[in-house]
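If you want the building blocks of each chain, they are given just below.
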Amino acid sequence: MVLRSLFTILVLFPSQPLLAVITPKEMQKMMGIGINLGNTLDAPEEGAWAPRAQESFFDQYAEAGFTNVRIPVQWGNHIDTSYPYNINSTFMDRVEQIVDWSLQRGLVTILNTHHDEWLEEDFEASLPRFRALWQQVSERFAHKNETLLFEVYNEPHAQSFTTDDLNAMNAAILPIIRKNNPTRIVVFGGLKWMNPSWIVANPNKLEFPKNDTQLMLEIHNYDPWNYAGYPTTITKRSWGSDSDIAALNQWMDDIANWSTAKNIPIYYGEFGCTTSQTESTGRYTWYAAHRAAVEARGFSAAVWDDDGYYRVYDRNANTWDAKLLEALGKSVPKK
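Residues numbered from 1 in each chain as written. Predicted model: local features only at pLDDT ≥ 70, side-chain atom pairs only at ≥ 80, totals over all residues. Heavy atoms only, no water.

Chemist: Please clarify how empty space enclosed by the protein should be interpreted in this entry.
Modeler: The rolling of a water-molecule-sized probe over the atoms marks out the regions of remaining empty space. Enumeration according to the criterion identifies 2 cavities of 30 Å³ or more in this entry. In this structure, the second largest cavity is lined by Val152, Tyr153, Pro156, Leu166, Met169, Asn170, Val187, Phe188 and Gly189. Elements with a minimum of two residues in the lining of the second largest cavity: α7 (163-180) and β5 (186-189). Of the residues that constitute the lining of the second largest cavity, the class distribution is 7 nonpolar, 2 polar and no charged. (1 Å grid on protein atoms, 1.4 Å probe; cavity = no way out; pocket = protein on both sides within 12 Å on 5 of 7 lines; lining within 4 Å. Points joined across faces, edges and corners; volume = space filled by probe spheres on them. Helix = DSSP H or I, 4+ residues; strand = E, 2+ residues; numbered from the N terminus. Nonpolar A, V, L, I, M, F, W, Y, C, P; charged D, E, K, R; others polar.)

Pasting the structure below:
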């Protein structure tokens, strides 16, 4: 009942900060299973990879039953390369407009930095620019309610980007966010594209400050990649055997055990199976099994939807993959 009342307040007053702090555990429950607005603001320019965002998309997300929306944003093309590293005001306005569309519908919203590999490619030289980016973002969105989460950096993966760099990045950015967002939940991710296997293999390498409890871990996994990945990587043409289900449950149990030991809730921020797989090769079985595994462990999650290889919602046609929605426990909105 408390969470339901809180949710009502957040819907009615999306731009007002609340006195009550939402803990990561509470937030994990509120988030449930959501959807990514992929290939949109994370493209070099909005519209280059998928249709430009429309307010109606968020009506569709909410009516289908999704409860969080992750909004990936590539900032590199919209922030100056020299001091003071200003973000283009028109672009910032557009990001805020889209975030507001989500918050106004009561959707927990995750805002990040995405495809900004310039940070990894020359970390020490690029960190001042990255700090300036987050200073501007954290100031601009400080007045939003706390169902807006900040994800520091999407999928670190460059060979030159080390664990020390990752921890240094988080240590530099978290205080910047906390200056204006003292209790907003911030999301960290591990190396190897945020794959949970890196966290499990290196359980103590990603540093979480002990004096900050408003943190979550984000993981991504398109497992196994030779089945669920890009069409050119596919060598496996069926999924759903006992061994497939066992492999899924094993890595889910491993990361759940880490979460329990560290008291850090999990956000499975990207999962998906390419449209190159079909119902007959187990695509919907794959989604249903992942949903069941997520819900059984109490994780929050967001299906990857890019309106392309991982299409869930056809944005031009305004149509859904009904069987995929069913597999996720959602339903096609009524016309």
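Read on for the rest.
Chemist: Mind showing me how you'd approach the sheet that holds strand β4 (residues 148-151) here?
Modeler: Backbone hydrogen bonds are what pair the strands of a sheet, in a parallel or an antiparallel way. Taken together, 8 strands build a closed barrel; the order of strands is β1-β2-β3-β4-β5-β6-β7-β8 and the barrel is parallel. Ignoring strand direction, the axes of neighbouring strands in this sheet form an average angle of 25°. Along the sheet, helix α4 (residues 89-103) makes contact with β2 (68-71), β3 (108-112) and β4, crossing β3 at roughly 160°. Across the face of the sheet, helix α10 (residues 242-262) comes into contact with β6 (215-220) and β7 (266-271) while running at roughly 145° to β7. (Pairing = 2+ DSSP bridges. Axes fitted to C-alpha atoms, helices over the stretch in contact; angles between N-to-C directions. Contact = heavy atoms within 4.5 Å.)

Chemist: Honestly, unusual backbone geometry in this entry has me stumped. Any pointers?
Modeler: Residues other than glycine predominantly adopt negative phi, and peptide bonds predominantly adopt the trans conformation. Residue proline 84 is reached from tyrosine 83 by a cis peptide bond, and omega for that bond is 10°. Residue proline 224 follows aspartate 223 across a cis peptide bond; omega there is -15°. Here proline 224 lies in the loop between β6 and α9 (225-228). A positive phi angle is found at lysine 192, which is not glycine, with a value near 60°. Following the sequence through the fold, lysine 192 ends up in the loop between β5 and α8 (196-201). Residue aspartate 307 is not a glycine yet carries a positive backbone phi of 60°.

Chemist: Help me out: how do you make sense of the side chain of aspartate 321 in this one?
Modeler: Secondary-structure assignment places aspartate 321 in the loop between β10 (319-320) and α12 (322-327). Since its relative accessible area comes to 18%, aspartate 321 is described here as buried. Only 3.4 Å separates the side chain of aspartate 321 from the side chain of arginine 283, close enough to count as a polar contact. (Buried < 20%, exposed > 50% of the residue type's maximum accessible area, 1.4 Å probe, protein only. Polar contact = N/O pair within 3.5 Å; in protein donor to acceptor, adjacent residues only side chain to side chain.)

Chemist: Just checking my understanding: could you explain helix α6 (residues 123-140) for this structure?
Modeler: An α-helical turn contains 3.6 residues, so a residue and the one three or four places further along point in the same direction. Under the 1.5 Å per step criterion, the end-to-end length of α6 is 25 Å for 18 residues, consistent within 8% with the ideal 26 Å. If you check which residues of α6 are buried, you get Phe123, Ser126, Leu127, Arg129, Phe130, Ala132, Leu133, Trp134, Gln136, Val137 and Ser138. Close packing links the buried residues of α6 with α4, β3, α5 (118-121), β4 and α7. (Expected span 1.5 Å × (residues − 1).)

Chemist: Before we go on, may I ask you to explain the nonpolar core in this structure?
Modeler: Nonpolar side chains in soluble globular proteins generally cluster together in the buried interior. Ranked by internal contacts, the top residues of the largest apolar core, which has 91 residues, are Tyr61, Phe130, Val137, Met169 and Leu217. Those residues in contact with valine 137 that sit more than four places away from it in its chain are Trp75, Ile87, Met92, Leu111 and Phe150. Judged by nonpolar contacts, the second largest core, of 12 residues, contains Leu149, Met216, Tyr267 and Ala302. (Core = buried A, V, L, I, M, F, W, Y, C linked by side-chain atoms within 4.5 Å.)

Chemist: I would appreciate a short explanation of the packing of α10 against helix α11 (residues 283-297) in the present structure.
Modeler: Geometrically, a packed helix pair is captured by the angle between its two axes and the distance between the axes. The contact between α10 and α11 brings their axes to 11 Å, and the two run at 30°. As judged from the angle between their axes, α10 and α11 are roughly parallel. In the crossing of α10 with α11, the sense of the turn from one axis to the other is right-handed. Each of Ile245, Leu248, Asn249, Met252, Asp253 and Ala256 in α10 lies in contact with α11, whose residues at this interface are Ala289, His290, Ala293, Val294 and Arg297. A per-class count over the contact of α10 with α11 returns 7 nonpolar, 2 polar and 2 charged. (Parallel < 35°, antiparallel > 145°, perpendicular 65-115°, else oblique. Left-handed = near helix turned anticlockwise from the far one by under 90°.)

Chemist: Can you help me understand the side chain of aspartate 244 in this one?
Modeler: Tracing the chain through its elements places aspartate 244 in helix α10. Among the polar contacts listed, one links the side chain of aspartate 244 to the backbone nitrogen of glycine 240, at a separation of 2.9 Å. Setting aside residues up to four positions removed in sequence, aspartate 244 forms contacts with Lys236, Ser238 and Trp239.

Chemist: When you look at the pairing of β7 in this model, what are you seeing that I'm missing?
Modeler: Each regular strand shows side chains that alternate between the opposite faces of the sheet. Taking burial as the measure, the 6 residues of β7 include 6 buried ones, the bulk of the element. Pairing analysis gives 4 bridges linking β6 to β7, with the strands arranged parallel. By the bridge assignment for β7, glutamate 218 is matched with tyrosine 267. Where β7 and strand β8 (residues 300-303) come together, 3 bridges link them in parallel fashion. Counterpart to tyrosine 267 in the pairing with β8 is serine 300. As for the winding sense of the linkage, the β-α-β connection from β7 through α11 to β8 is right-handed. (Right-handed = clockwise from strand over helix to strand, strands pointing away.)

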